[in-house]
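A closer look at the structure
Listed here are the chains, written in short residue letters.
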Amino acid sequence: MKGPRYGDILLPGLGVAGFIAAWAVVVRLGGIDASVLPGPLDVLHALSIGLSQGPLGGDALFTLSASLAGLALGCSLGLAAGVLVGGNATAHRFIYPVAMGVQAMPLVALAPLLISAFGLGAGSKIAMVAISCAAPVFVGTVTGMGSASPELLSLYRVCGAGRWRTLVDVKLPGALDYIFAGLQVAVALAFVSCVVAEFIASERGLGYRIRSLSTQLDMSSMFAAIAVLAVMGGGCGALLRLLHRRVVHWRHGPR
Amino acid sequence: MDVPGASDAGQGLRLEHIDLVYATSRGPLEALRDLSLSVGPREFVSVLGPSGCGKSSLLQLACGLLAPTAGRVLLAGEPVLRPRSEVGIVFQQPTLLPWKTVLDNVLVPIRAMGLPVADYRQRAEELLALAGLAGFMRHYPRELSGGMQQRVALARGLIHDPGLLLMDEPFSALDAMTRESMMEELQRIWLKTRKAVLFVTHSIPEAVYLSDRIVVMSGRPGRVLEQIDVDMARPRTQDDLGHPRFLDLCRHLRDGFRAAEAAA
Amino acid sequence: MSQTGWRATLPPLATTALLLLLWSAVVRLARLPSHLLPPPEAVLVRLWQGLAVTGDMVPHLLATAASALMGYGVGCLGGLLLAILLAEFRALERTLHALLLALQSVPKVALAPLVLLWAGFGPRSVVLLVALICFFAVFANAFIGLQGVDRGLRGLFAVAQAGRLHRLLHLDLPAAAGPVFAGLQTAVGFALVGCVVTEFLLGTQGVGFLIENSANSLDAATAVAAMVLLGCLGAVFSMLVRQARRRWVFWDRGDAMALPGSDGA
């Protein structure tokens, strides 16, 4: 396999570098005030201070743990429900369309209600994340389980295999690709939901921090916080993609 | 290598006066009408017919996945009332489990039947060696060509030593050259294991090359139009593809189909 | 055997009815305080009140609908245009690739406070955030769709010496229509999310404001009623997009699934 051509590295590198340079120049030369648009160095400075002395680290940790906890909860629920419904044609007819409808709704709209129910702490954030994540994982699981090849299922029937055996041997492994797709959506939604809940009412967290910084007009720190959020979300997404490739190795392995 | 335990006694298949009618949203669909055929315990029988004539339904009846509307299906003298594991199946697509190795794929029916896998491991290895895949046991299906995957599917069909092997157009998804070599492979493996085989195809040369007897089916509703014995010596070779008797049989079948098409 | 046509809507309707009954029963039996979870009847009453009797919910609904539509229109168009541009000029795409990837990792909703600061505390910010979200959602899908145009067909057009615009209009865009509409479909959901979240922070008008305000005042009936409105808005919007797809992508009956990684939120 050829090594990366220089066009693949040089051009994107140029793009990023060019962007940052242009940013710095516009801020400096346009005389733009730091409270409107901070320069890249200001943001970097705010980032290092926020992480070392400031609350940014604690906020990031809060958001990360709340999101992950909610993810774990929501995904297990979605997976369990998906396995139950996916294996049963009747349940599928009754439940699947409703779940698809639910998934289409902006579930973050529930955030204010959840907060008035569960309070300011992590509980409401975890609940919000769990609710948002369950639907895509459920849909992915059900779709995946329905994707089993009918010939394989016939083979198992002829061999007299029971429901459980067919589920574990054929339907579940075949569903893994779809489940991971659902998980990918869920991860993105998790951070969004957590941040939104923190916007509305919280004592800590990146969402809370971003909002409070905006009232203080501290743009550099705000950008820094947003950057941390982006890295967190992107990092988790990338990790998930890695896991996906390792587990569903037969789709992505060498040919 | 003679596979141990290849039993003889009445393992044949008999379909007696089968009617098969499907209920569809547009009314009843007659798939098969008064169809009777049999496969002896060591016979290789091909079913030849146009698309949609119900060939695949035949196979589903034979293994018990479908119940006939009328008539009965007998396997080794006993009526087939529910899915029976004494049959091996090979589909058009290999349909291997992509997350299992080649060896584990051959053992899939064993797992599905709840039998101890360890007991059959050696047999799986022998079957794969017989199919010429000895060096690929730890590989994954995606690393194999279509023909090789189909050979794995064949080994899988034989793992539990079934009395009857059902094959549903197993080579139609392969390219022409692979088809020819697979034909020879199948003959070679069959001669070693000597099962009853019901082989569905719509390739005339394939049917003549491989079979002891050819059952010609009509279009829907499927009936048996004629049965032809292929009286050529075994093992048949590439040279036989040009043999006058071979060409005769092919011509006869082709003419029959053309006539049936014109009449339809 | 799967049911088709209108018969297929019966089971989910039954499930929904069952869930509503359950909801009502739970509230009644557990004697839940009405500020926590109101019974469905209370919600219906409030909806009727808000829409027909006093009509106090109507201006909020209209405000959200307008902002969502405008932001959606602008954002989707922008995303499509950028996708076309980058699909045409590969060098440009490679330069901007890393940048766009980084921007995609930012959950756009997190930018709501920023947008409010920049564009002011008014409906303009709502439109802006929605536009941002839709932009990325459509861009990702459109770009992949445009890249996936059959090479053979491209060759055909090249041999016929077709102009760039001609090829775009007669080959690339129709060929990518499937993925583009998948992006348009998911953008509907994201648009409403963006609307609602910005309105949470805006605190003056819109369905989001309604939800947040009423939840704060422990008026759960209004909050849930507003959420129902939101759901209806989304359903109508979604249906419109589906209809448009059916008309303009008439050759492809498939249910295009939005590609992973295309969420701009």
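Residues numbered from 1 in each chain as written. Chains lettered and ligands numbered in written order. Predicted model: local features only at pLDDT ≥ 70, side-chain atom pairs only at ≥ 80, totals over all residues. Heavy atoms only, no water.

As for the sheet that holds strand β8 (residues 196–201) of chain B
Sheet strands pair by backbone hydrogen bonding; their relative direction is either parallel or antiparallel. All names here are of chain B. Pairing in this open sheet of six strands is mixed, and the strands run β6-β7-β8-β3-β9-β10 from one edge to the other. A strand with exactly one partner marks an edge of an open sheet, and here the two such strands are β6 (87–90) and β10 (224–229). When strand polarity is set aside, the average angle formed by the axes of neighbouring strands in this sheet is 15 degrees. Where strand β3 (residues 44–48) lies against β8, five bridges are found, and the strand directions are parallel. Looking at β8, one finds that V47 is bridged to V200. The strands touched by helix α1 (residues 55–63) within the sheet are β3, β6, β7 (164–168), β8 and β9 (213–217), with β7 carrying the most contacts at an inclination of about 155 degrees. Seen against the sheet, helix α5 (residues 146–158) touches β6 and β7 and runs at an angle of roughly 170 degrees to β6. (Pairing = 2+ DSSP bridges. Helix = DSSP H or I, 4+ residues; strand = E, 2+ residues; numbered from the N terminus. Axes fitted to C-alpha atoms, helices over the stretch in contact; angles between N-to-C directions. Contact = heavy atoms within 4.5 Å.)

Comments concerning the pairing of β7(B)
All names here are of chain B. Among the five residues in β7, five count as buried, and that is most of the element. The two faces of β7 match: L164, L166 and D168 on one face and L165 and M167 on the other face are all buried. Pairing analysis gives four bridges linking β6 to β7, with the strands arranged parallel. Across the sheet, G88 pairs through a bridge with L165, a residue of β7. Alignment of β7 against β8, held across five bridges, turns out to be parallel. Across the sheet, residue L166 finds its bridge partner in β8, namely L198. Where the polypeptide runs from β7 across helix α6 (residues 176–193) and back to β8, its parallel neighbour, the crossover connection is right-handed. (Buried < 20%, exposed > 50% of the residue type's maximum accessible area, 1.4 Å probe, protein only. Right-handed = clockwise from strand over helix to strand, strands pointing away.)

Description of the state of the cysteines
Residue and element names in this part refer to chain C. Enumeration according to the criterion identifies zero disulfides over all chains in this entry. In this structure C76 is not part of a disulfide, and its nearest cysteine sulfur, from C134, lies 4.4 Å away. Since its relative accessible area comes to 7%, C76 is described here as buried. (Disulfide = S-S within 2.5 Å.)

As for helix α2 (residues 40–53) of chain C
All names here are of chain C. Over its 14 residues, α2 runs 18 Å from end to end, which matches the ideal 20 Å to within 8%, given 1.5 Å per residue. Of all the residues in α2, the buried ones are P40, V43, R46, L47 and G50. Around the axis of α2, the buried residues are gathered within 120 degrees of arc, so they sit on the same side. Facing away from the buried side of α2 by more than 90 degrees, the exposed set consists of L44, V45, W48 and V53. Buried residues along α2 sit in contact with α1 (10–29), α3 (58–88) and α10 (220–248). G55 occupies a position one or two residues after α2 and carries a positive phi of about 65 degrees. (Expected span 1.5 Å × (residues − 1). Arc of directions from axis to C-beta.)

Some words on the layout of surface pockets
Computed from the structure, the second largest pocket encloses a volume of approximately 1100 Å³. Every residue lining the second largest pocket is counted, 30 residues in all, and those nearest its centre are F19(A), W23(A), F223(A), L103(C) and V106(C). Looking at the lining of the second largest pocket, the elements with two or more residues in it are α1 (6–29), α2 (40–52) and α10 (219–247) of chain A together with α4 (90–105), α5 (112–119) and α6 (123–147) of chain C. Its residues placed into classes, the lining of the second largest pocket shows 28 nonpolar, one polar and one charged. (1 Å grid on protein atoms, 1.4 Å probe; cavity = no way out; pocket = protein on both sides within 12 Å on 5 of 7 lines; lining within 4 Å. Points joined across faces, edges and corners; volume = space filled by probe spheres on them. Nonpolar A, V, L, I, M, F, W, Y, C, P; charged D, E, K, R; others polar.)

Let's talk about the interface of chain A and chain B
With 21 residues of chain A at the interface, the matching set in chain B holds 23 residues. Across the chain A to chain B interface the summed buried area is about 2100 Å²; carbon plus sulfur atoms make up 65%. Here chain A and chain B share one salt bridge between them. Here chain A and chain B share four residue pairs in polar contact (both at pLDDT 80 or more) between them. If you list the elements that add at least two residues to the side of chain A that touches chain B, you get α7 (150–158), α8 (163–200) and α11 (249–252) of chain A. Per-element accounting of the side of chain A that touches chain B gives the leading share, seven residues, to α7(A). Here the residues of the side of chain A that touches chain B sort into 10 nonpolar, six polar and five charged. (Buried area = accessible area lost by both parts, 1.4 Å probe. Salt bridge = Lys/Arg side-chain N within 4 Å of Asp/Glu carboxyl O. Polar contact = N/O pair within 3.5 Å; in protein donor to acceptor, adjacent residues only side chain to side chain.)

Points about the interface of chain C and chain A
Each partner contributes residues to the interface: chain C has 42 residues there, and chain A has 40 residues. Taking both partners together, chain C and chain A bury about 3700 Å²; carbon and sulfur atoms supply 82% of that area. The largest contributions to the chain C side of the interface with chain A come from R94(C), L99(C) and L117(C), which together make up 14% of the buried area. Put simply, chain C and chain A have zero salt bridges between them. Joining chain C to chain A, the criterion identifies one residue pair in polar contact (both at pLDDT 80 or more). Secondary structure elements with two or more residues in the side of chain C that touches chain A: α1, α4, α5, α8 (164–202), α9 (207–216) and α10 of chain C.

Considerations on the side chain of T166(A)
Inspection of the secondary structure assignment puts T166(A) in helix α8. Among all residues touching T166(A), those that are not within four sequence positions of it are L153(A), Y156(A), A161(A) and K171(A).

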